[in-house]
Amino acid sequence: MGTQLPTPAAGLLPVREYLLVGLTAAAVTFLLTGLVRVIAIRLGAAHAPRARDVHVTPIPKMGGLAMYAGVLAAMLLAHQLPVLRVAYTYSLAPWGVVLAGLLITLVGAIDDRFELDSLTKLAGQVTAAGILVVFGVQWLAFWVPWDGLNGSYGSVLVLGPSQGTLLTMLLTVTMINAMNFVDGLDGLAAGIGFIAAAATCAFSLGLLDQRGGDAHLYPPALISAALAGACLGFLPHNFNPAKIFMGDSGSMLIGLMLAAASTSQAGDLNYSVADPRDLIALLTPLIVVAAVLFVPLLDLIMAIIRRTRKGMSIGSADKMHLHHRFLEIGHSQRRAVLLIYLWAGLLAFGAVALAFAPVEVVVFGVAAGLLLALGVSAVPRLKAARAAARGN
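None of these values were measured; they are calculated from a predicted model.

With respect to the overall build of the chain
Summing up its helical and strand segments, the chain has 13 helices and four strands in all. Looking at the chain as a whole, 50% of its 392 residues are labelled buried. Restricting the contact set of the chain to residue pairs at least 6 apart, pairs at least 24 apart contribute 76%. Carbon and sulfur atoms form 69% of the exposed surface of the chain, whose accessible area is close to 17400 Å².

Some points on the side chain of Thr-33
With respect to the helices and strands, Thr-33 occurs in helix α1 (residues 15-43). Of the residues examined, Thr-33 reaches a relative accessible area of 1% and is grouped as buried. Residues within four places of Thr-33 in sequence aside, it is in contact with Ala-66, Phe-234, His-237 and Ile-244.

So, the side chain of Ser-264
Its location among the elements puts Ser-264 in helix α9 (residues 247-267). Within the local environment of Ser-264, its side chain forms a polar contact with the backbone oxygen of Ala-260, the two atoms lying 2.9 Å apart. At 3.2 Å, the side chain of Ser-264 forms a polar contact with the backbone oxygen of Ala-261. Not counting chain neighbours up to four residues away, the residues in contact with Ser-264 comprise Val-137, His-216, Pro-220 and Ile-223.

Section: the packing of helix α2 (residues 64-80) against helix α8 (residues 218-238)
α8 packs onto α2 with a crossing angle of 140° between their chain directions and a minimal axis gap of 9 Å. One finds that α2 runs oblique with respect to α8. Read as a crossing pair, α2 and α8 show a hand that is right-handed. Facing Met-67, Val-71, Ala-74, Met-75 and Ala-78 of α2, the residues of α8 in contact are Leu-222, Ile-223, Ala-226, Ala-230, Cys-231 and Phe-234. Along the lines of polarity and charge, the residues of the contact of α2 with α8 split into eleven nonpolar, no polar and no charged.

Examining the packing of α1 against α8
Contact geometry of α1 with α8 gives a least axis separation of 7 Å together with a crossing angle of 35°. The crossing of α1 and α8 is right-handed. Counted together, Tyr-18, Val-21, Gly-22, Ala-25, Ala-26, Thr-29, Phe-30, Thr-33 and Gly-34 of α1 and Tyr-218, Ala-221, Leu-222, Ala-225, Ala-226, Gly-229, Ala-230, Gly-233, Phe-234, Pro-236 and His-237 of α8 form the full contact between these two elements. Of the residues that constitute the contact of α1 with α8, the class distribution is 13 nonpolar, seven polar and no charged.

Side note on the environment of Val-38
Looking at the secondary structure, you find Val-38 in helix α1. Sequence separation of Val-38 and Ile-244 is 206 residues, and the distance between their C-alpha atoms is 9.8 Å.

Topic: the environment of Ala-230
Topologically, Ala-230 is positioned in helix α8. Note: C-alpha distance between Ala-230 and Leu-23 (207 residues apart in sequence) is 8.5 Å. Once residues within four sequence positions are removed from consideration, Ala-230 is found in contact with Ala-25, Ala-26, Thr-29, Met-67 and Val-71.

Some points on the packing of aromatic side chains
Inspection of every chain in the model, using the stated rule, returns two aromatic pairs. Consider the rings of Tyr-88 and Trp-95, whose centres lie 4.9 Å apart with planes at 55°: the pair is tilted. Its relative accessible area of 9% is what places Tyr-88 among the buried residues. A relative accessible area of 30% places Trp-95 in the partly exposed class.

Quick look at unusual backbone geometry
At Met-62, a position not held by glycine, the phi torsion is positive, near 75°. As for its placement among the helices and strands, Met-62 is situated in the loop between β2 (59-60) and α2.

Topic: the confidence of the model for the chain
Taken over all residues, the pLDDT of the chain has a mean of 79, while the share at 70 or more is 70%. When pLDDT is averaged over each element of the chain, α2 comes out on top at 97 and helix α11 (residues 322-329) at the bottom at 60. Note on residues 1-10: pLDDT under 50 across the span, and 23 contacts to partners over four residues away in sequence or across chains. Low confidence marks residues 273-278, where pLDDT is under 50. Its contacts with residues over four positions away, or in another chain, come to ten contacts.

A short note on α1
Here α1 contains 29 residues, and its C-alpha end-to-end distance of 40 Å stays within 8% of the 42 Å for a straight helix at 1.5 Å per residue. The set of residues buried in α1 consists of Tyr-18, Val-21, Gly-22, Thr-24, Ala-25, Ala-26, Thr-29, Thr-33, Val-36 and Ala-40. Summarising the contacts, the buried residues of α1 are in contact with β2, α2, α7 (188-210) and α8. Of the residues flanking the end of α1, it is Gly-44, one or two places downstream, whose phi is positive at about 80°.

Here's the deal with a nonpolar patch on the surface
Among the surface-exposed residues, Leu-32, Leu-35, Ile-39 and Leu-43 lie close enough to one another that they form a single nonpolar patch of about 330 Å² accessible area. Of note, Ile-39 is situated in helix α1. Exposure remark for Ile-39: the relative accessible area of 39% places this residue in the partly exposed category.

Thoughts on the pattern of salt bridges
Considering all chains together, one arrives at three salt bridges under this definition. Between Glu-115 and Lys-61 there is a salt bridge, and its shortest N-O distance comes to 3.6 Å. In this pair, Glu-115 is assigned in the loop between α4 (93-114) and α5 (118-134) and Lys-61 in the loop between β2 and α2, connecting sequence segments 54 residues apart. By relative accessible area, which is 57% here, Glu-115 ends up exposed. Among the ionic pairs, Lys-121 bridges to Asp-111, the shortest N-O distance being 3.7 Å. Note that Lys-121 is positioned in helix α5 and Asp-111 in helix α4, a separation of ten residues in sequence. When its relative accessible area of 15% is taken as the criterion, Lys-121 is described as buried. Connected through salt bridges with shared partners, the residues Asp-111, Lys-121 and Asp-248 form a single ionic network.

So, how was this worked out
Residues numbered from 1 in each chain as written. Predicted model: local features only at pLDDT ≥ 70, side-chain atom pairs only at ≥ 80, totals over all residues. Heavy atoms only, no water. Helix = DSSP H or I, 4+ residues; strand = E, 2+ residues; numbered from the N terminus. Buried < 20%, exposed > 50% of the residue type's maximum accessible area, 1.4 Å probe, protein only. Contact = heavy atoms within 4.5 Å. Areas by Shrake-Rupley, 256 points an atom, 1.4 Å probe, with all protein chains shown as cover. Polar contact = N/O pair within 3.5 Å; in protein donor to acceptor, adjacent residues only side chain to side chain. Axes fitted to C-alpha atoms, helices over the stretch in contact; angles between N-to-C directions. Parallel < 35°, antiparallel > 145°, perpendicular 65-115°, else oblique. Left-handed = near helix turned anticlockwise from the far one by under 90°. Nonpolar A, V, L, I, M, F, W, Y, C, P; charged D, E, K, R; others polar. Phe/Tyr/Trp six-rings, centres within 6.5 Å; stacked < 30°, edge-to-face > 60°. pLDDT = per-residue confidence, 0-100. Expected span 1.5 Å × (residues − 1). Patch = residues over 30% accessible without salt bridge, like charges linked within 9 Å, V, L, I, M, F, W, Y side chains within 5 Å. Salt bridge = Lys/Arg side-chain N within 4 Å of Asp/Glu carboxyl O.

What follows is the structure, encoded as structure tokens:
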């Protein structure tokens, strides 16, 4: 059974406390981003336009420093709130995120200024993932659809320490690089980070309500609430036309925290409290993780396949990312970003809804939303085809 909170907190859903954490991260990030912009300009940390970029003038970066400051303030505030302190009492995950986040932000900030080589960045990413593992953030078990006993659906596969460590580090490094890949348009990475973190937090709160205060669910909700606030606070400075970019210091921080929240939520989930007859309930943690990571991971996988087929290095830059394709179709930067927000939101919150609403209703709603998103995405191309037909 999951560790239950003391009686005064049992049955209470600390929505206001998590909202306060998120708003604190947003406020601190918003207020400090202007200062970080000035520092970045003085340090010469500016993003000069490249062939694959869509901006035409140098833009300062290192915005991840302000985002980390927002996350740190939110995590420290949570430690002082009696209701949320349980996240620190029963788990070291929040402290692991604070330390790993500091490392990955510093590595990213150095890269924003001096352009580190890929191996050095990878070493920093692996070290940050290792810190998470040391602080107990790792996959311990997950549900598999085989070897069911007594008519149950599937069984729980328990991982050994080395297997859990390897899986956690692989997921973390992959997510860090996926968010780095997707950071190509003003506001894109911050918006996807906000959507993914908000969905993860909503799922954790829903499970927390269902399971009467399971302490294992406090850390992922806290991590995702802090990240959602930091992304939201950065967006006003970063949405088109951007005044500052988050740089690798920000995108890698988002990837690290999403991986940490997802891992501490699904990897350490107490499957014994789930009804073994409820297949969707058992699958939902993995579905949520997959949906949250879907858009950036799809872009990453497509880039790896595309570059491998052309005989290029995986780290080589090109102009064929998902956001570039939206621009090629004929969408403006803002519309392209909003469309990707829509796709990411449908997938992430649709997956969350599977745990708390009838499957038929969720599938119908998500399908209708995806058809709408597909139609809106194709509008410029349809208009161009119609105009061409009229011209002929």
